[in-house]
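Analysis of the macromolecular model
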Amino acid sequence: MRNGGENRGRLLLVILIVSSLFLITLDLRGVNVLNGLRSGTQSALSPFQRAGNVVLTPVKNFVSDITHLGRTRNQIEDLRKQNQKLREQLISRKNQDGEIKQLKSILDLAGTARFKIVSAKVIAQGSSLAFTRAITIDAGRSSGIKKNMTVISGNGLVGVVKEVFTNSAIVMLATDPAFKVGVRIAGSQQIGILSGLGSSTANLQLLDNQTAIKVGDILLARGSVNAQPFVPGVPVGRVTSVSNAAGAVTQSATVKYLASFGSLGVVSVVVKAPKADPRDVLVPVKPVPTPIPTVTVFVTPSPSTSPSAPSN
Amino acid sequence: MLLRRFGLTGTIFTFFFIAQEAVISQLSFPAGGFSLFLILTLIWAALSTPDVAAAVGFGAGILLDLSPSTNGPLGHWTLILVLMSYAIAFFSYGDENMRGNPLSIVLMVTLAQAIALASYLVTGFLLGVTATSFSQTLITIAGNALWTLVVTPLLLPVVVWLHDLTFDSRMRI
């Protein structure tokens with residue numbers, strides 16, 4: 001009897017393992033039904049995530065207020081949103097400036113380097129079980145968001161839309177180890193490939209070994225065919241160190257992302273790419289030091305009657 | 001009776017799954033945080049017979065695979081949790097020293113959780129799922145284990161009560 005029970009248990013275990021392997025095989029073969037199941041789960045979870053966000057926001061704000069010793073969280077959040085809006089306007093303005101420059105130099109070449117964006121709130125961070133860097137935003141298919149659209153913050157590239165659901169979407173962050181983006185160096189226009197490292201820094205591989213790359217160079221997204229997944233001209237990062245290994249086929253460098261991934265509250269999805277490549281107009285402006293007025297004192301020696309004769 | 005147990009178990013696991021996705025995932029914990037759902041599954045398995053544990057592991061794995069934040073193929077977590085739940089129940093079933101001691105259960109769940117994560121990562125690597133750097137992985141696994149060690153004693157009485165309610169048993173821990 002006990003043997004029978006043990007055999008039945010083992011049979012159940014084998015059936016469950018085979019079922020799991022069967023599911024893995026079906027998923028790896030790309031059966032659409034399984035994708036639909038995940039999409040359905042996200043649609044079902046989305047209201048709970050929103051509710052959780054609403055409930056947890058005061059708690060998080062309270063903890064944050066304690067951490068920040070009395071600074072009002074709401075005020076900071078409002079200022080952050082305002083700042084984000086102004087930065088987006090600045091990006092748009094820079095596009096227009098670039099457009100004017102192009103029109104002046106080449107009259108028949110006109111382009112509107114303007115992003116059409118949909119702003120969204122970050123409602124969840126990636127699970128710690130997933131070993132990936134991703135966020136969930138509260139805008140989805142109903143807001144015109146599609147898979148492989150570029151996601152930006154006020155500082156630059158954030159990532160790419162990986163999955164889209166009705167009212168939410170999952171964004172793969174640029175810090176994800178699987179993330180790769182074609183970039184060009186602002187100014188020299190040399191191209192390379194930037195790979196995520198799982199942190200706020202990334203690795204740049206230049207395709208041409210003859211190019212001189214230096215610390216402080218700004219990298220911009222090179223853009224993809226039909227502007228998906230990457231729209232051209234989006235600021236990506238700043239070179240922090242250059243590796244000049246002797247005999248290396250290509251040059252490599254370490255790059256720090258311009259976007260701050262630790263404090264992503266609101267992001268924007270580029271739903272319409274600019275008609276013209278904005279080139280370098282989105283390069284962040286280096287802070288210009290305020291000139292300190294220099295006081296120059298001219299001392300004129302008093303005229304003496306006789307330079308050779310000592311005065312008494 | 002079977003339908004009642006199945007229904008209750010399903011409701012409890014669905015509730016914890018929603019709590020994990022809607023609440024825990026939104027909080028930033030140092031060193032990666034923890035998975036309430038995974039802890040529930042492993043405690044439940046430690047309190048069950050191997051057959052029930054494997055079946056519960058299958059159901060929990062399916063739910064975890066359906067989570068939008070999971071990056072592996074569907075069935076990946078299912079496979080891991082079937083094996084891990086069966087193993088944890090197999091080692092603890094019939095051993096009252098193990099089952100009657102809450103400290104043993106806490107340590108067993110913590111160890112099983114770390115092994116489950118490591119197994120998920122290794123099998124994920126074999127299935128072509130891109131993983132993060134080795135140091136990041138170590139931090140995540142160690143962080144999860146530490147959090148599990150803290151959270152499991154708090155969750156254990158609740159899970160024991162729910163398990164007793166579902167199976168009409170009186171577990172002495």
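If you're wondering where the values come from, they're calculated on a predicted model, not measured in any experiment.

Time to look at the interface of chain A and chain B. Taken together, the contact pairs 40 residues of chain A with 50 residues of chain B. Interface of chain A and chain B: buried area, both sides summed, is about 3900 Å²; carbon and sulfur atoms make up 69% of it. Along the contact surface separating chain A from chain B lie zero salt bridges. For the interface between chain A and chain B, the tally reads four residue pairs in polar contact (both at pLDDT 80 or more). Taken together, the elements giving at least two residues each to the side of chain A that touches chain B come down to helix 1 (2-28), helix 2 (32-67) and strand 1 (116-125) of chain A. Residue composition of the side of chain A that touches chain B, grouped by class: 21 nonpolar, 13 polar and six charged.

Glancing now at the packing of helix 4 (residues 76-92) of chain B against helix 6 (residues 102-126) of chain B. Residues and elements named next belong to chain B. At a closest axis distance of 10 Å, the pairing of helix 4 and helix 6 adopts a crossing angle of 150°. One finds that helix 4 runs roughly antiparallel with respect to helix 6. Handedness of the helix 4/helix 6 crossing: right-handed. Note on element contacts: helix 6 touches helix 4 through Met108, Val109, Ala112, Ile115, Ala116, Leu117, Ser119, Tyr120, Thr123 and Gly124, opposite His76, Trp77, Ile80, Met84, Ile88 and Ser92. Tallied by class, the residues present in the contact of helix 4 with helix 6 amount to 11 nonpolar, five polar and no charged.

The next point concerns the nonpolar core. In this structure, A:Ile137, A:Ile145, A:Phe179, A:Leu194 and A:Leu204 are the most contacted members of the largest nonpolar core, which totals 48 residues. The greatest single-element share of this core, amounting to five residues, is contributed by strand 4 (residues 157-164) of chain A. The residues contacting A:Ile145, other than those within four sequence positions of it, are A:Val118, A:Ile137, A:Ala139, A:Gly140, A:Val161, A:Val164, A:Ala169, A:Val269 and A:Val271. In terms of nonpolar packing, the next biggest core, distinct from the first, is built from 46 residues, B:Ile12, B:Phe34, B:Leu81 and B:Ala89 among them.

Our next topic: the sheet that holds strand 8 (residues 201-206) of chain A. Residues and elements named next belong to chain A. Read around the barrel, six strands follow the order 6-7-8-11-10-9 and close on themselves; strand pairing throughout is antiparallel. Here the average twist between neighbouring strands, direction ignored, is 40°. Sheet analysis places strand 10 (residues 235-243) next to strand 11 (residues 252-257), joined by six bridges and oriented antiparallel. Counted as the bridge partner of Ser243 is Ser252 from strand 11.

Residues and elements named next belong to chain A. Strand order in the closed barrel made by the six strands is 1-2-5-4-3-12, with antiparallel pairing throughout. Adjacent strand axes in the sheet meet at a mean angle of 45°, parallel and antiparallel pairs treated alike. Where strand 3 (residues 150-152) meets strand 4, three bridges bridge the pair, whose relative direction is antiparallel. Note that in strand 4 the partner of Val151 across the bridge is Gly159.

Further remarks concern the pattern of salt bridges. Taken as a whole and assessed by the stated rule, the structure comprises one salt bridge over all chains. Residue A:Lys214 is joined to A:Asp217 by a salt bridge in which the shortest nitrogen-to-oxygen separation is 3.3 Å.

Right, let's talk about the confidence of the model for chain A for a bit. Model confidence for chain A is summarised by a mean pLDDT of 77, while 77% of its residues fall at 70 or above. For the stretch residues 308-312 of chain A, pLDDT sits under 50, and the model shows zero contacts to residues farther than four places along the chain or on other chains.

Successive side chains on a regular strand alternate, one facing one side of the sheet and the next facing the other. Residue and element names in this part refer to chain A. Alternating positions in strand 9 (residues 218-221) separate into two faces, Ile218 and Leu220 on one and Leu219 and Ala221 on the other, with burial throughout. Strand direction decides the pairing type here: strand 6 (residues 180-185) and strand 9, joined by three bridges, are antiparallel. For Arg184, the partnering residue across the bridge sits in strand 9 and is Leu220. For strand 9 and strand 10, the ladder comprises three bridges, and the chain directions are antiparallel. For Leu219, the partnering residue across the bridge sits in strand 10 and is Gly237.

We now examine a nonpolar patch on the surface. All names here are of chain B. A contiguous nonpolar surface patch, about 480 Å² in accessible area, is contributed by Leu103, Leu107, Leu146, Leu149 and Val150. At three residues, the largest contribution of residues to the nonpolar patch is made by helix 7 (residues 134-167). With respect to the element layout, Leu146 can be found in helix 7. According to the relative accessible area criterion, Leu146 is exposed, its value standing at 59%.

Cut-offs and rules
Residues numbered from 1 in each chain as written. Chains lettered and ligands numbered in written order. Predicted model: local features only at pLDDT ≥ 70, side-chain atom pairs only at ≥ 80, totals over all residues. Heavy atoms only, no water. Contact = heavy atoms within 4.5 Å. Buried area = accessible area lost by both parts, 1.4 Å probe. Salt bridge = Lys/Arg side-chain N within 4 Å of Asp/Glu carboxyl O. Polar contact = N/O pair within 3.5 Å; in protein donor to acceptor, adjacent residues only side chain to side chain. Helix = DSSP H or I, 4+ residues; strand = E, 2+ residues; numbered from the N terminus. Nonpolar A, V, L, I, M, F, W, Y, C, P; charged D, E, K, R; others polar. Axes fitted to C-alpha atoms, helices over the stretch in contact; angles between N-to-C directions. Parallel < 35°, antiparallel > 145°, perpendicular 65-115°, else oblique. Left-handed = near helix turned anticlockwise from the far one by under 90°. Core = buried A, V, L, I, M, F, W, Y, C linked by side-chain atoms within 4.5 Å. Buried < 20%, exposed > 50% of the residue type's maximum accessible area, 1.4 Å probe, protein only. Pairing = 2+ DSSP bridges. pLDDT = per-residue confidence, 0-100. Patch = residues over 30% accessible without salt bridge, like charges linked within 9 Å, V, L, I, M, F, W, Y side chains within 5 Å. Areas by Shrake-Rupley, 256 points an atom, 1.4 Å probe, with all protein chains shown as cover.

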